[in-house]
Structures are given as structure tokens and as C-alpha cells.
Amino acid sequence: MTRLLDAYRPVAGEDVINHLLQLSGPLKGVNVVHVNSTRQGGGVAEILHKLVPLMKDLGINAYWEIIHGEEDFYRCTKGFHNALQGHSVSIGAGLLDIYETTNRENAQRLGQLLSEADFVFIHDPQPAALIDFVPERKGKWIWRCHIDCSRPHRPVWKYLRNYCSRYDASIFSLPEFAQKLEHPQFIIAPSIDPLSDKNIELPTEEVEAVFQEFGLDPDLPLLVQVSRFDRFKDPLGVIEAFRQVRRHVPCQLVLAGGGASDDPEGQAVLEEVMVAASGEDDIHILVLPPDAHRKINALQRAADIVIQKSIREGFGLTVSEGMWKGKPVIGGDTGGIRIQVIDHYTGFRVRTPEGAALRIRYLLHHREKRQEMGERARRLVRENFLLTRHLREYMALMLSLTNGSEDRIDISTS
Ligand code: UDP
């Protein structure tokens, strides 16, 4: 009997776990490699940390590899990221050269594992060019895009498309992110792990301890946004909204974040945030180490309202994290936040600091609404955004690619 998965029975439900066991039958012993660009920081790493062990638990030989590069490589790939999310970014030939060379070098290092794998999941643009440098490919290669590329900056997408189009399939988080590619495209939303340190239930004392640890006032309502310091997360917009709320209601704001090793812009954004927040005792900018999962969990649980006011967002795991903790979320009206924050039901979607301020004030005045929305939010996550659903969809995808064009997937174990 599988042990890791058993722990999910009470949280996700018996049916869900039995379904996973059934689906995994024909996949036992297959080799699956995931490649992304960082083990810590950002949503992709957060997901792979548990998805890979769960795949192993189901008898799949799952591996997780990281692509390594120098500073200019990450400058280039951050440019890709910004461009795919709609910024008009021009990336010079020199940086593109570094991108290709780095992918070639990583392909040499990982060559055998990648060429012999039955399935290779390449996450986001950083390792997308690996496919070019692994000519002998036994298995199916899938490009998994976690970014909101509904309106990519065309020249950059045209460049990346040369690589992405060579994959056997691609996965996007939302239908509107899908691109014109001549291979099967799958829509799979990301997920959170309810049993990770980030999301597990915590003792009350541990939650309450954050007030003292971070100098917060236990008697003031608490607003929390957890994010990398990235302009797409709009930390300055959150500060602006907070200032507007504070004119009417006493409260405090935590902006908690850290860097991701593949994000070279974090420091500059953090400095802008520090300047914007200076002189405000009730704004707490917390720069946390990459393994501060329980602290983030406790902060989200201590919050009265969770905020994720992004202006572009592939999904926004922090939204589901807050919802799982029974919090109403005020989220930017964009990308993956739209499938989590159901307006007026699990929270509010906003476009401007003024809109955010209005909704924050409303929720601070209506405790029963916060509770109602928070309960619905938790249910929505349980039904849609837990890791077990994500795993099921990855397995179904692998089976469907194995199955060719047959429209029936046979999961009977032999
Ligand atoms: N996160 C973290 N520490 C930080 C900032 C973020 O552990 O300082 C986590 C956050 O809790 C979430 C993930 O990193 O699990 C971020 O995923 P999301 O999809 O929200 O955004 P991304 O960074 O991938 O754009």
C-alpha cells in the first residue's frame, strides 16, 4: 500500500486517491523527468517539491532536474517571462546566444536521462530550448507553461515558438493562455499541497507567534500579501490601497517575500517597495528565507484578508494558499486569479488600488462576510486546486499521449 498518498485520503477524499491508484497502473515503471530553473522560490518549485515524490509513490520513476546558468542567462529568461506576460521587451542577440549555449550545456549534462525518459516535462521558457540539443528522444516531450501568455509580445514569442512547437504537447493553466501550436494542448490548472509546511494546519500558538516575531499588533486587522518582489505582483499598488484604507480603518499590512534564484529583478523591486513604505509603521516588509514555509503559513492564517493584487498572473498559488486557510482573497482581475477568486463569492477581484481599498474596507467592516467567503474559498480549493487533482491530470495526459489517437484510455492493470 502506498504510504505518502494515504495521508491524502482524509483531505482529498477516498475516491480521489482510489482514482489515482487506478490511473497509475499502466504508468508503473515509466521514467518521467521534470526540468525547471530553480529548486526554491516561485510556484513551479513549490509544486514539484511534492508532485515528484507523489509520482514516485505511485510507482513512476520520477526525476526533477534543474537547468543551471549564469547571471545573463537569467536576465534573458526574465526578459522572456516579462515578454510572454505582455511587456514589450527586446532581447539582444548576445543574450539569446547565452540562452542557447546554456541550454546546450545543460542538455549535455542531462543528455542520457532526457533521451531515455518516457516523458519529459519542461517547465516554462528557461529550459525550453533543451529539446533542440537532445536529438535522440525516446519519449514524449511536453512543454508546461505556467505563465500568462494570453497576449505575448510577438517577437519574443516568435523566437520561443521555434522551440515550443517541436514538443509533442503543451500544457497551459487556462484556455485563454493557449497558443497556436501544431500539437495537442492541454489545460491543467496548478495546485497546492494541503500537507506541505506551507498549508498544513498549525497550532494556534504557532499562528499567534507571528505577531510577536514580526512586530505586528495583535489588536489590529491584518492584511497579507505573500509574493516575490516582482512588478507583476503590484506591491506598490497594494501599498497605495493600504494607505487609502488606513485613512478610514486602522489596520496593518504585511508584504512578505523573498527572492527566487532565477529572478534577477527582485532586489530592485524590493528597494522600490521599501521607499514606498518608508515612514509607515503599519506596513511590514518581510524578506523571508526560501524555506520559511511554516512562517508564511502562519502569516496567511493570522491574516484577516489575503491579498494578491497581481496585474498579470499565470495562476497565483498564494491565492489558493490563502483560500485553503479559509480567508477571503482580494485578487487582481487577471489570469489564473480569475478561476480562484470568484467575485463576491470567495473574495473580490480588483483592477486598481482604489478598487482594492474599497473591497478591503468592506470586508474589514463585515466579519461574517469574511467568514462566509473564507469557507467557500476553502471548499473551492478542495474541489479544484489540490495537488491530487493536478497529479491525476498529469497522469491522464501521459496516458492519452501514450494512447495515440485512440479516444479510449485503457487503465485496466494487466
Ligand atoms: N513564496 C515563498 N516565499 C516567498 C514568496 C513566495 O515561499 O518569499 C511561495 C508562495 O507561498 C507560493 C509560491 O512561492 O507558494 C509562489 O507561487 P505563485 O504562483 O503565487 O507565484 P510565482 O512566484 O510562481 O509567480
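It is worth spelling out the overall build of the protein at this point. Of regular secondary structure, the protein possesses 14 helices and 12 strands. Considering only C-alpha atoms, the protein reaches an extent of 65 × 55 × 35 Å along its principal axes. Among the 414 residues that make up the protein, the fraction classed as buried is 57%. A total of about 17500 Å² of accessible surface is found on the protein, and carbon and sulfur atoms cover 48% of it.

Turning to the sheet that holds strand β5 (residues 169-172), a few remarks are in order. Spatial strand order, β2-β1-β3-β4-β5-β6: 6 strands in an open sheet with parallel pairing. The sheet is open, and its two borders are formed by β2 (61-66) and β6 (185-187), each paired with just one other strand. Averaged over neighbouring strand pairs, the angle between their axes works out to 20° when direction is ignored. Bridging between strand β1 (residues 31-36) and β2 involves 6 bridges; their strand directions are parallel. What sits directly across from V33, in β2, is Y63. Sheet contacts for helix α5 (residues 93-116): β1, β2, β3 (119-123) and β4 (140-144); angle to β2, the most-contacted strand, approximately 165°. Docked against the sheet, helix α14 (residues 387-402) engages β1, β3, β4, β5 and β6, running at close to 130° with respect to β3.

Bringing the site of the ligand into the picture now. The local shell around the ligand holds 16 residues, among which G43, R228, K233, G258 and E321 are the closest. Between the ligand and the protein, one listed contact pairs an oxygen atom with a side-chain N or O atom of E46 at 3.5 Å. At 2.9 Å from an oxygen atom of the ligand is found a side-chain nitrogen or oxygen belonging to K198. Contact with the protein chains covers 89% of the free accessible surface of the ligand, which is 540 Å². Those elements giving two or more residues to the shell around the ligand turn out to be α3 (43-57) and α11 (317-324). With 3 residues, the single largest contributor to the shell around the ligand is α11.

This next bit is on the pattern of salt bridges. Applying the stated criterion to the full structure yields 27 salt bridges. Measuring nitrogen to oxygen at the nearest pair gives 3.9 Å for the salt bridge that ties D304 to R370. Highlighted residues: D304 in the loop between α10 (293-302) and β10 (305-308) and R370 in helix α13 (residues 367-384), separated in sequence by 66 residues. Overall, D304 belongs to the partly exposed group, its relative accessible area being 24%. A salt bridge links E393 to R392; the nearest nitrogen and oxygen atoms lie 3.9 Å apart. Owing to a relative accessible area of 24%, E393 belongs among the partly exposed residues under this scheme.

Conventions we followed
- Residues numbered from 1 in each chain as written.
- Predicted model: local features only at pLDDT ≥ 70, side-chain atom pairs only at ≥ 80, totals over all residues.
- Heavy atoms only, no water.
- Helix = DSSP H or I, 4+ residues; strand = E, 2+ residues; numbered from the N terminus.
- Buried < 20%, exposed > 50% of the residue type's maximum accessible area, 1.4 Å probe, protein only.
- Areas by Shrake-Rupley, 256 points an atom, 1.4 Å probe, with all protein chains shown as cover.
- Pairing = 2+ DSSP bridges.
- Axes fitted to C-alpha atoms, helices over the stretch in contact; angles between N-to-C directions.
- Contact = heavy atoms within 4.5 Å.
- Near = heavy atom within 4 Å.
- Polar contact = N/O pair within 3.5 Å; in protein donor to acceptor, adjacent residues only side chain to side chain.
- Salt bridge = Lys/Arg side-chain N within 4 Å of Asp/Glu carboxyl O.

Honestly, it's all geometry; don't read function into it.
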